[in-house]
Amino acid sequence: MYYINENARDLLRIGYHVNRRDFLRLDLNENPGGLPEEFIRNVLSEIDPCFISEYPEMEEFIDTLADFVGVEPSNLCIVNGSSEGIRHIIEAFTAPGGKILGVTPSYAMFEVYSKMYGRNFISVNYTEDLMMPIENILEKMTPDIQLMILVNPNNPMGNAYTEDEFRTLLAKAKEMEITVLVDEAYHYFYPDTFIKYAVNDDHVLISRTFSKLFSLAGLRLGCVIGSPSSAKVLNNLCTPHNVNAVSMLFARKMMESPEIVHQLIDKHREGRVFLQNWLIEHGYEFRGENGNFIFIRQKTDADRIVERMETEKKILIKSYDGIGKFGKCLRVSTAERKFMEQFVEALEELDK
Ligand SMILES: Cc1ncc(COP(=O)(O)O)c(C=O)c1O
């Protein structure tokens, strides 16, 4: 008998813009400038035919990554972008019909995966003034929830949980036997981490990505950090040789080049400060304390600005609706100064 997975058939997925290369891309929180050309060429020069023809060897990469994040190799599951890791976490630690708790708005794939696997996503909404008091999360925690997802800092809102707040949430999660995932995709733009809670606890997991600060989104590489036994469960769900050799080579070389990582952080910070100062000087309200993105409350029409940015200025940004008192507003990735200058020049012209 023919069978089709109805969750997959009926799933609503957004289409991504094609030919994004012709644009200044400030819509998906990538690094629009990319890594230094010289670094790219040097890494490529190490690739010989056998490197491509053989199945990838993961050991050297995993050892380097474990050292880099301060865990043991047995704490890691390597994935094709952290979005794949999140999917494995949902497969492993929630059951069909089970409940997943998260905040809204947040990274869209939490809800997409919940639908894909027939789980129920329970939302905690931000307040009108764009805050997420943890009391609102605590209130929604019930023993029938199997997974709670916290994003630190959250995309697109930019808020981060303090360690005290996290400990309070974790204590209640323990009481109710809820697995906790902390998505740290924007780590390095924001220095704090809750990794230490995950390494020995079977019910706390951290996801990380090489797509954001490390500027390797095109290579699709990420990891999940958990206790050895939960990392093993996740590794059991991976396809054989799941991550490609080129991605791991680039990521390893990045971890071995701290000067490039520092440069990326500094350049981003300079661009972000420039943008924030410009917005203040020009009377804009904005939000998004951490991460490489910002919400801007435009003065005219958000959709029209997004459209004209694309067609007239060749700049991609996003509009978000229902952002508390901001209503519909602009979300813009922050990046090095020259890109922020290009953006504000366009905004000045289009938002009047
Ligand atoms: C919060 C968050 N988590 C995860 C991801 C996925 O990143 P990737 O699959 O590229 O690692 C994103 C991407 O924008 C994100 O914003």
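None of the values given here were measured: they were computed from a predicted structure. (Residues numbered from 1 in each chain as written. Predicted model: local features only at pLDDT ≥ 70, side-chain atom pairs only at ≥ 80, totals over all residues.)

Novice: Residue-level account of the overall build of the protein chain, with values.
Specialist: Helix and strand counts for the protein chain come out as 13 helices and 13 strands. A compact globule built from 352 residues would reach a C-alpha radius of gyration of about 20 Å, and the protein chain, at 21 Å, matches this within 12%. Principal-axis analysis of the C-alpha atoms gives the protein chain an extent of 55 × 55 × 50 Å. Going through the 352 residues of the protein chain one by one, you find that 39% of them count as buried. (Helix = DSSP H or I, 4+ residues; strand = E, 2+ residues; numbered from the N terminus. Rg over C-alpha atoms; globule rule 2.2 N^0.38 Å. Buried ≥ 20, exposed ≤ 12 C-beta atoms within 10 Å, placed from the backbone.)

Novice: Can you lay out unusual backbone geometry for me, pointing to particular residues and giving the numbers?
Specialist: Geometrically, the link from Thr-104 to Pro-105 is a cis peptide bond, its omega value of 0° lying close to zero. Within the fold, Pro-105 resides in the loop between β3 (99-104) and α6 (109-116). With omega at 10°, the peptide bond leading from Asn-155 into Pro-156 counts as cis. Take Pro-156: it is sitting in the loop between β5 (145-151) and α8 (163-176). Its identity is not glycine, yet Ser-215 carries a phi of approximately 60°, on the positive side. Along the chain, Ser-215 turns up in the loop between β7 (204-209) and β8 (222-225).

Novice: An account of the site of the ligand is requested, with residue identities and associated values reported.
Specialist: Around the ligand sit 13 residues in total, of which Gly-81, Ser-82, Ser-83, Thr-209 and Ser-211 are the nearest. Split into classes, the residues belonging to the shell around the ligand amount to 4 nonpolar, 8 polar and 1 charged. (Near = placed C-beta within 6 Å. Nonpolar A, V, L, I, M, F, W, Y, C, P; charged D, E, K, R; others polar.)

Novice: Please give an account of the domain arrangement of the protein chain that cites residues and values.
Specialist: Partitioning the protein chain into domains gives domain 1 (17-34 + 259-350) and domain 2 (37-257). Relative placement of domain 1 and domain 2: their C-alpha centres are 25 Å apart. Put simply, the parts of the chain that give the side of domain 1 that touches domain 2 at least two residues each are α11 (258-281), β10 (293-297) and β12 (318-323). The element best represented in the side of domain 1 that touches domain 2 is α11, accounting for 6 residues. Considering only residue class, the side of domain 1 that touches domain 2 consists of 9 nonpolar, 9 polar and 6 charged. (Domains from an automatic or database assignment.)

Novice: Describe in detail the sheet that holds strand β9 (residues 285-287), supporting the description with residues and values.
Specialist: Strand pairing within a sheet occurs via backbone hydrogen bonds; the two strands may be parallel or antiparallel. The strand order β9-β10-β13-β12 describes an open sheet built from 4 strands, whose pairing is antiparallel. Each having just a single partner strand, β9 and β12 make up the two edges of the open sheet. Neighbour-to-neighbour, the strand axes of this sheet turn through a mean angle of 35°, independent of strand direction. In this structure, β9 lies alongside β10, joined through 3 bridges in antiparallel fashion. Bridge pairing in β10 links Arg-287 to Phe-295. (Pairing = 2+ DSSP bridges. Axes fitted to C-alpha atoms, helices over the stretch in contact; angles between N-to-C directions.)

Novice: A description of the sheet that holds β5 should follow, citing residues and the corresponding values.
Specialist: Taking strand neighbours across the sheet as the criterion, the 7 strands line up as β2-β8-β7-β6-β5-β3-β4 in an open arrangement whose pairing is mixed. Of all the strands in the sheet, the pair left with one neighbour each is β2 (76-79) and β4 (120-125). Geometrically, the sheet is characterised by an average inter-axis angle of 20° between neighbouring strands, direction not taken into account.

Novice: Describe α8, with residues and values.
Specialist: The periodicity of an α-helix, 3.6 residues per turn, causes residues three or four positions apart to be oriented the same way. The first and last C-alpha atoms of α8 sit 20 Å apart over 14 residues, in line with the 20 Å expected at 1.5 Å per residue. Buried within α8 are the following residues: Phe-166, Leu-169, Leu-170 and Ala-173. Here the buried residues of α8 occupy an arc of 100° about the axis, which is enough to place them on one side. Away from its buried face by more than 90 degrees, α8 exposes Asp-164, Ala-171 and Glu-175. Phi turns positive, to about 55°, at Glu-177, one or two residues after α8. (Expected span 1.5 Å × (residues − 1). Arc of directions from axis to C-beta.)

Novice: Describe the nonpolar core, with residues and values.
Specialist: Within the largest apolar cluster, 57 residues are counted, with the highest numbers of intra-cluster contacts made by Leu-76, Met-148, Val-180, Val-224 and Ala-251. Examining the composition of this core, we find that 6 residues originate from one element, β5, more than from any other. Leu-275, Ile-294, Met-309 and Cys-329 belong to the second largest nonpolar core, which has 24 residues in total. (Core = buried A, V, L, I, M, F, W, Y, C linked by C-beta atoms within 7 Å.)

Novice: Please set out the environment of Tyr-190 residue by residue, giving values where relevant.
Specialist: Mapped onto the elements of the fold, Tyr-190 is located in the loop between β6 (179-183) and β7. Other than its neighbours up to four places away in sequence, Tyr-190 contacts Pro-153, Ala-160, Asn-290 and Gly-291. (Contact = placed C-beta atoms within 7 Å.)

Novice: Give a detailed account of the packing of α11 against helix α13 (residues 337-350), specifying residues and quantitative values.
Specialist: Between α11 and α13, the least distance of the axes is 8 Å, while the angle of their chain directions is 25°. With respect to α13, the element α11 is oriented roughly parallel. Note on element contacts: α13 touches α11 through Arg-337, Phe-339, Met-340 and Val-344, opposite Glu-270, Gly-271, Phe-274, Leu-275 and Trp-278. Split into classes, the residues belonging to the contact of α11 with α13 amount to 6 nonpolar, 1 polar and 2 charged. (Parallel < 35°, antiparallel > 145°, perpendicular 65-115°, else oblique.)

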